[in-house]
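Report on the structure
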Amino acid sequence: MAAIGLQLAYVIANLALISLGLAIIFGMMRVINLAHGEFLMLGGYTVVVATNAGVNIWVAMLILAPLVVGIIGVIVERLLIRWLYGRMVDTLLATWGLSLLLVGIVTSIFGASTATTVSPPLGVLRFGDYSASGYELFLIGITIALLFAVWLTLRFTKLGLLARGTMQNAEMASSLGVSTSRIYMITFGLGAAVSGLAGGLLAPMTGVLPTIGATYIAKAFITVISGGSAILAGTAAGSVLLGGLNGIFSFIAGSTFGEIALLLAAIVLLRLMPRGITGRFFRKSL
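Residues numbered from 1 in each chain as written. Predicted model: local features only at pLDDT ≥ 70, side-chain atom pairs only at ≥ 80, totals over all residues. Heavy atoms only, no water.

**Notes on helix 10 (residues 231-253)**
Formally: The secondary structure listing takes helices from DSSP runs of H or I that are at least 4 residues long and strands from runs of E that are at least 2 residues long, numbered from the N terminus. Given the number of residues in a helix, its expected span is that number minus one, multiplied by 1.5 Å.
With 23 residues, helix 10 should reach 33 Å at 1.5 Å per residue; the first-to-last C-alpha distance of 32 Å fits that figure. At the C-terminal side of helix 10, G254 shows a positive phi close to 110°.

Below, the structure written as structure tokens:
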């Protein structure tokens, strides 16, 4: 029973981890970022390249992956996204083209057919007769910590206040002397950095391929849209509901039925609550 609970918690944490960066960019900025999966992929490759170069795996995952992808995100925002705010269809097309470009560049460097892997740290932890993957426990813990850290940043820091105010009313923020262009850049970079961190953390569990972003993007969008407008509460609620159903059906009938259950649950949820979970509940949540 404990093993089932751990696996369920891991599936929920995994879903929240891959969705949080998208929740920041799409939920706050209304930018449909179809390159989100590629940001995760770049985080994974950062870890692979850094560890192969002799860098400690924890430094590679927790520092280099978010730093590298965050910088890439800032460059993308300055060169591409900054011209498209308020034009959601245009951001969709632009980031789709960006995703194809990133896949092509990475494929030309690393090849397309073989997954590049790094070994998960921590090994197996034993508690009496019960054993569990130490790295899966770590991922559950760091996902909770990351959600809390983003909540603290948005709720209690000057940057968080300016970001939320700018996204709600950019003209008013600008009239009060806020550099909205800079806030957009920082927010997009933060979302990209969180995505890079997630990709780096998941690399030891999934391996990395140039096309691995395609396995992330659909789940991330389903989770964020099902969660609704509240960035953190929506991501957490969507992850618990959809990830829980995915984990239960995967355990009972296999991973394929787990994916089907996730998709059907999202369809029913959005039919009953078109504005997502936080459109009906937790409306004042962040």
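**Quick notes on the nonpolar core**
How we decide: Only buried residues count toward a nonpolar core, which is a set of Ala, Val, Leu, Ile, Met, Phe, Trp, Tyr and Cys residues joined through side-chain atoms within 4.5 Å. Per-residue accessibility, obtained with a 1.4 Å probe over protein chains only, is compared with the maximum for each type, and a residue is labelled buried under 20%, exposed over 50%, and partly exposed between these values. In what follows, a contact means two residues having at least one pair of non-hydrogen atoms within 4.5 Å.
If you look at the biggest cluster of nonpolar residues, it comprises 72 residues, and the most contacted ones within it are M28, L139, F188 and L201. It is helix 1 (residues 2-29) that contributes the most residues to this core, 14 residues altogether. Apart from residues no more than four positions distant in its own chain, L139 is found in contact with Y10, A13, L17, L201, L202 and M205.

**Some remarks on the UniProt feature "transmembrane region" (unreviewed entry) in the chain**
Rules: UniProt positions are given in the numbering used here, feature names are shortened, and annotations may be inferred rather than shown by experiment.
UniProt records the feature "transmembrane region" (unreviewed entry) for residues 12-35, 55-80, 92-112, 132-154, 183-203 and 248-273 in the present numbering. Between the C-alpha atoms that bound residues 92-112 the distance is 25 Å, and the span itself is 90% helix and 0% strand. When the span residues 248-273 is considered, its composition is 92% helix and 0% strand, and the gap between its end C-alpha atoms is 23 Å.

**Side note on the packing of aromatic side chains**
Threshold: When two rings of Phe, Tyr or Trp (its six-membered ring) have centres within 6.5 Å they constitute a pair, described as stacked for plane angles under 30 degrees, edge-to-face for angles over 60, and tilted for the intermediate range. Each ring is checked for a lysine NZ or an arginine CZ that lies within 6 Å of its centre and within 35 degrees of its normal; such an atom marks a charge sitting over the ring.
What the rule picks out here adds up to 8 aromatic pairs. An angle of 85° between the planes, with centres 5.3 Å apart, marks the rings of W151 and F156 as edge-to-face. The rings of W58, Y135 and F138 are connected pair by pair, giving a single aromatic cluster. Taking the ring centre of F26 as reference, the NZ or CZ of R30 above it sits at 5.1 Å.

**Things to note about the packing of helix 2 (residues 36-52) against helix 3 (residues 57-79)**
How we decide: Fitted lines through C-alpha atoms serve as axes, helices being fitted only where they are in contact, and the angles separating the N-to-C directions of these axes extend from 0 to 180 degrees. We call two directions roughly parallel when the angle between them is under 35 degrees, roughly antiparallel when it is over 145, roughly perpendicular when it lies between 65 and 115, and oblique otherwise. Handedness of a helix crossing follows the sense of rotation of the near helix relative to the far helix, less than a right angle counterclockwise being left-handed and clockwise being right-handed. Put simply, Ala, Val, Leu, Ile, Met, Phe, Trp, Tyr, Cys and Pro go in the nonpolar bin, Asp, Glu, Lys and Arg in the charged bin, and everything else, Gly too, in the polar bin.
At a minimum axis separation of 8 Å, helix 2 and helix 3 run at an interaxial angle of 135°. Overall, the two elements helix 2 and helix 3 adopt an arrangement that is oblique. Here helix 2 runs over helix 3; the crossing is right-handed. Residues F39, L42, G43, T46, V47, A50 and T51 of helix 2 touch helix 3, and the partners they reach there are I57, A60, M61, L64, A65, V68, V69 and I72. Looking at side-chain class alone, the contact of helix 2 with helix 3 contains 12 nonpolar, 3 polar and no charged residues.

**Let's talk about the pattern of salt bridges**
A side chain of one charge can pair with a side chain of the opposite charge if their charged atoms are brought near each other. Under the convention used in this document: What makes a salt bridge here is a side-chain nitrogen of Lys or Arg within 4 Å of a carboxyl oxygen of Asp or Glu, nothing more.
For the structure on display, the rule yields 3 salt bridges. E77 is the salt-bridge partner of R78, the closest N and O atoms lying 2.7 Å from each other. The shortest N-O distance in the salt bridge between E259 and K219 comes to 3.0 Å. One end of the pair, E259, is in helix 11 (residues 255-272); the other, K219, is in helix 9 (residues 213-227), and 40 residues separate them in sequence. E259 sits in the partly exposed class, given a relative accessible area of 34%.

**So, the packing of helix 9 against helix 10**
Contact pair helix 9 / helix 10: the axes reach a minimum separation of 7 Å and the direction vectors enclose 120°. Here helix 10 runs oblique to helix 9, going by the angle between their axes. The chirality of how helix 9 crosses helix 10 is right-handed. Of the residues in helix 10, those touching helix 9 at K219, I222, T223, S226 and G227 are G234, T235, G238, S239, L242 and N246. Partitioning the contact of helix 9 with helix 10 into residue classes produces 2 nonpolar, 8 polar and 1 charged.

**Things to note about the environment of V194**
With respect to the helices and strands, V194 occurs in helix 8 (residues 180-206). Taking the relative accessible area as the measure of exposure, V194 reaches 6% and is therefore buried. Taking the C-alpha atoms as reference points, V194 and A233, separated by 39 residues in sequence, lie 17 Å from one another. Ignoring sequence-local partners within four residues, the contact set of V194 consists of L20, G21, I24 and L146.

**Side note on the environment of G243**
The residue G243 is located in helix 10 in this model. In this structure G243 comes out as buried when scored by relative accessible area, which is 0%. Separated by 235 residues in the primary sequence, G243 and L8 place their C-alpha atoms 7.6 Å from one another. Discounting residues that sit within four places of it in the chain, G243 has contacts with L8, V11, I12, L15 and G238.

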